[in-house]
Amino acid sequence: MPELLLALRIVLVVLLYGFLALALFVIARDLRERGQEAAPLCPSASLAIEGEASADQRYTLRPVTAIGRGRDNHVTIDDPFASSNHAIVAWRDNTWWIEDLGSHNGTYLNDDRVTKPRPLVSGDRIGIGETVLRFDSPAT
């Protein structure tokens, strides 16, 4: 009788661990599939720093592109009037948007201060400190 109870306990433990392994496998697969679906499909676009000294600086935009003086930004601007995390350009609702992140000196879109997210079209000029970025997108 004790051997039978021990065998049943071992079978129960194996079934329990098998169920947990199957559940973790299904959860991991679902997360991978959702991660691929959630990746936004955005058209190519770029920011170019205007000016004679930086004519060759062009940045390809990511779905969310951070702009600022801090080294952790995607577009790093060497401008004393730019905040560490100054603004973002993001692809939302099939449109590129510019949003100020509460910077001290503000973000300007075609010489108008950005106080709420604003849509971008190709050729728009974004002012951050003394730096001017030109937004280019073949889709707009």
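Just so it is clear, the model here is predicted, and its values are computed rather than measured.

**Q** Residues and numbers for the overall build of the protein, please.
**A** Assigned secondary structure in the protein consists of one helix and eleven strands. Of the regular secondary structure in the protein, the N- to C-terminal order runs α-β-β-β-β-β-β-β-β-β-β-β. Compactness check: the protein gives a C-alpha radius of gyration of 25 Å against a globular reference of 14 Å for 140 residues, more than 25% above the reference. For the protein, the spread of C-alpha atoms along the three principal axes comes to 90 × 30 × 30 Å. Here the protein holds 140 residues, and 30% of them are scored as buried. Approximately 9400 Å² of the protein is accessible, and the part contributed by carbon and sulfur atoms is 59%. Averaging the locations of the 14 positively and 18 negatively charged side chains of the protein gives two centres separated by 5 Å.

**Q** Pulling in residues and values, what's your account of the pattern of salt bridges?
**A** Summed over all chains, the structure comprises six salt bridges. We note a salt bridge from arginine 34 to aspartate 30, for which the minimum N-O separation is 3.1 Å. Remark: aspartate 30 and arginine 34 occur in helix H1 (residues 2–38); sequence separation between them is four residues, near one turn of the helix. Glutamate 50 is paired through a salt bridge with arginine 125; the nearest N and O atoms lie 3.1 Å apart.

**Q** With reference to specific residues and values, describe the nonpolar core.
**A** Grouped together as the largest cluster of nonpolar side chains are 20 residues, with contacts concentrated most on Leu47, Val89 and Ile126. Elements supplying a minimum of two residues to this core: strand S1 (46–49), strand S5 (87–92), strand S6 (95–100), strand S10 (125–128) and strand S11 (131–136). No other element matches the three residues that S5 contributes to this core. Excluding its chain neighbours within four sequence positions, the residues that come into contact with isoleucine 126 are Leu47, Val89, Ile98, Thr107, Tyr108, Leu109, Leu120, Thr131, Val132 and Leu133.

Calculation criteria
- Residues numbered from 1 in each chain as written.
- Predicted model: local features only at pLDDT ≥ 70, side-chain atom pairs only at ≥ 80, totals over all residues.
- Heavy atoms only, no water.
- Helix = DSSP H or I, 4+ residues; strand = E, 2+ residues; numbered from the N terminus.
- Rg over C-alpha atoms; globule rule 2.2 N^0.38 Å.
- Buried < 20%, exposed > 50% of the residue type's maximum accessible area, 1.4 Å probe, protein only.
- Areas by Shrake-Rupley, 256 points an atom, 1.4 Å probe, with all protein chains shown as cover.
- Lys, Arg positive; Asp, Glu negative; His and termini not counted.
- Charge placed at Lys NZ, Arg CZ, Asp CG, Glu CD.
- Salt bridge = Lys/Arg side-chain N within 4 Å of Asp/Glu carboxyl O.
- Core = buried A, V, L, I, M, F, W, Y, C linked by side-chain atoms within 4.5 Å.
- Contact = heavy atoms within 4.5 Å.

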